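# Overview (structure and organization)
So the chains spell out like this:
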Amino acid sequence: MRRSIRGNRYLGHLYAIDLGSGSAIPRPRQLTRGTVRDTKPRLCPDGHTLAFVRTDSTYKRLVVVDYTDPASPVERVITRISAVNDLGRPSLAGGRIAWHKVTATSSRIYAQVLATGRRSVIARSSARARRRLAGRINMPTAPSTLAARMPLTSAAAVVAATVTSAPRPSALAPTAA
């Protein structure tokens, strides 16, 4: 991921480096563009599908891009929420995607079949449960602060581990530049 500032906006784009090119210093290839911040990348074990969170001034979107034909990638928005809420890092494998969505009133883990769009809620928690948890661990109740501390997050880790069990190929692997 390469970060930059344009005007008063913080931008971030994803890049890939072809480690099999044989070049001593491979040249990074820009995968995403625009006046947006693309973060939390996850490459599917198939080596052609990339999922990430795209943030602009209004929304956070979970985006999946198919790079089967690198000259004309196919981009699809899976979900969007207000920019004040939070989307966790997605997990991809076997034609499925899983992600954690945190809002002021709830926290949920979703799974979706990419081919059909069929979506299901795997786990959920309410703002009331987050407030009870915050009282026990003496933390503020902001959703983004508590997302990492919620019991639900352990379920997200299990889902992520299950969905991303295969090794990652390096051809499109997002890199920090």
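What comes next concerns the included structure.

Analysis parameters
- Residues numbered from 1 in each chain as written.
- Predicted model: local features only at pLDDT ≥ 70, side-chain atom pairs only at ≥ 80, totals over all residues.
- Heavy atoms only, no water.
- Helix = DSSP H or I, 4+ residues; strand = E, 2+ residues; numbered from the N terminus.
- Buried < 20%, exposed > 50% of the residue type's maximum accessible area, 1.4 Å probe, protein only.
- Contact = heavy atoms within 4.5 Å.
- Salt bridge = Lys/Arg side-chain N within 4 Å of Asp/Glu carboxyl O.
- Phe/Tyr/Trp six-rings, centres within 6.5 Å; stacked < 30°, edge-to-face > 60°.
- Lys NZ or Arg CZ within 6 Å of the ring centre and 35° of its normal.

In this model, K40 sits at a positive phi of 55°, which is unusual for a non-glycine residue. For K40, the location among the structural elements is in strand 5 (residues 37–43). Residue K40 is classed as partly exposed on the basis of its relative accessible area, which comes to 25%.

Tracing the chain through its elements places V77 in strand 8 (residues 74–82). Once you skip the residues sitting within four places of it in the chain, V77 turns out to touch R61, L62 and V63.

This part is about the pattern of salt bridges. Summed over the entire model, instances satisfying the criterion amount to 5 salt bridges. E75 is the salt-bridge partner of R54, the closest N and O atoms lying 2.9 Å from each other. Placement of R54 in strand 6 (residues 49–55) and of E75 in strand 8 is noted, with a sequence separation of 21 residues between them. You can call R54 buried: its relative accessible area is 12%. Taking the relative accessible area as the measure of exposure, E75 reaches 46% and is therefore partly exposed. One salt bridge connects D56 with R61, and the closest N-O pair in it is separated by 2.8 Å. Relative accessible area serves as the criterion here: at 18%, R61 is assigned to the buried category.

Within this structure, the stated rule accounts for 1 aromatic pair. Judged by centre distance (5.3 Å) and plane angle (20°), the ring pair of W99 and Y110 falls under stacked. You can see W99 sitting in strand 11 (residues 96–102) and its partner Y110 sitting in strand 12 (residues 106–113), a full 11 residues away along the chain. Taking relative accessible area as the criterion, W99 reaches 2% and is therefore assigned buried. For Y110, a relative accessible area of 11% corresponds to the buried category. The ring of Y59 carries R80 above its face, with NZ or CZ at 4.0 Å from the centroid. For the cation-ring pair, R119 lies above Y110, with the distance from its terminal atom to the ring centre recorded as 6.0 Å.

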